[in-house]
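# Observations on the model geometry
Given next are the chains, with one letter for each unit.
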Amino acid sequence: MASKILFVTGNRHKLEEAGRILSPHGISLEMAGCEKLEIQAGTLEEVASFAAKAAAREIDAPVLVEDSGLFIDALGGFPGPYSSYAFKTIGCRGVLRLMNGASDRGASFRCAVAYCSAGDEPRVFTGVSEGSIANDMTGSSGFGFDPIFIGRGGRLTYAELDAESKCRISHRGEAFRRFAEWFTGA
Ligand code: IMP
């Protein structure tokens, strides 16, 4: 029987992707009925750990939390941990404007997944997907900055890939697979 774990997120795209990644490992996810507590911190690991510990305490059950972001080399790693705010404010078009004329288009998507049981310390699993910022927005699947991110060695943006292909190479795929290996003792 599949293990069911509560996932603290309000983002249905993250829930869908994480569920797809974990299902071959016999793990299914259910959206937790509590908010992800977002602290301002310099790293995704700190943000995810803090939120996981708070949520596990609040609902008195083991939870998963993930925090992710887009780190752009030419912008000193911006927006990084502030990606959610940057997406809401300037969006993909704003990032393309900031990158106008930049010859170094290197970037990475990063993800930190924290698992925590009530009263325990969180365990954190990370994933990175290196790539570059496209010149234009292309594609319509996925979410967030997918239309402007091209994975390493690829030609297509994440928004041009189907969900299965994105999860195979994405930051989220790597982090959740690491969690699954630890959780199932594989
Ligand atoms: P948070 O993890 O909820 O703080 O949000 C991170 C933000 O980074 C999201 O709102 C998206 O804009 C962006 N982001 C994170 N992962 C992805 C992804 O897989 N594709 C596109 N954008 C992403």
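Residues numbered from 1 in each chain as written. Predicted model: local features only at pLDDT ≥ 70, side-chain atom pairs only at ≥ 80, totals over all residues. Heavy atoms only, no water.

### Some thoughts on the site of the ligand
Close to the ligand lie 17 residues, the nearest being Lys14, Ser68, Asp146, Lys166 and Arg172. Separating a nitrogen atom of the ligand from a backbone N or O atom of Phe145 is a distance of 3.0 Å. Here Lys166 contributes a side-chain N or O atom positioned 2.8 Å from an oxygen atom of the ligand. For the ligand, the accessible surface in isolation is 490 Å², of which the surrounding protein chains cover 93%. Of all elements in the fold, only β3 (63-72), α3 (83-89) and α6 (171-184) reach the threshold of two or more residues within the shell around the ligand. (Near = heavy atom within 4 Å. Polar contact = N/O pair within 3.5 Å; in protein donor to acceptor, adjacent residues only side chain to side chain. Areas by Shrake-Rupley, 256 points an atom, 1.4 Å probe, with all protein chains shown as cover. Helix = DSSP H or I, 4+ residues; strand = E, 2+ residues; numbered from the N terminus.)

### Remarks on helix α2 (residues 44-59)
Compared with an ideal rise of 1.5 Å per residue, which puts 16 residues at 22 Å, α2 spans 22 Å between its outermost C-alpha atoms and is within 8% of the ideal. All buried positions along α2 are accounted for by Leu44, Val47, Ala48, Ser49, Ala51, Ala52, Ala54, Ala55 and Ala56. Those residues of α2 that are buried are in contact with β3, β4 (106-116) and β5 (123-133). Count one or two residues on from α2 and you reach Asp60, which has phi positive near 55°. (Expected span 1.5 Å × (residues − 1). Buried < 20%, exposed > 50% of the residue type's maximum accessible area, 1.4 Å probe, protein only. Contact = heavy atoms within 4.5 Å.)

### Concerning unusual backbone geometry
Backbone torsion omega between Phe78 and Pro79 reads 0°, so that peptide bond is classified as cis. Structurally, Pro79 is set in the loop between β3 and α3. Even without a glycine there, the phi angle at Asp60 is positive, about 55°. Within the element layout of this structure, Asp60 appears in the loop between α2 and β3. When its relative accessible area of 61% is taken as the criterion, Asp60 is described as exposed.

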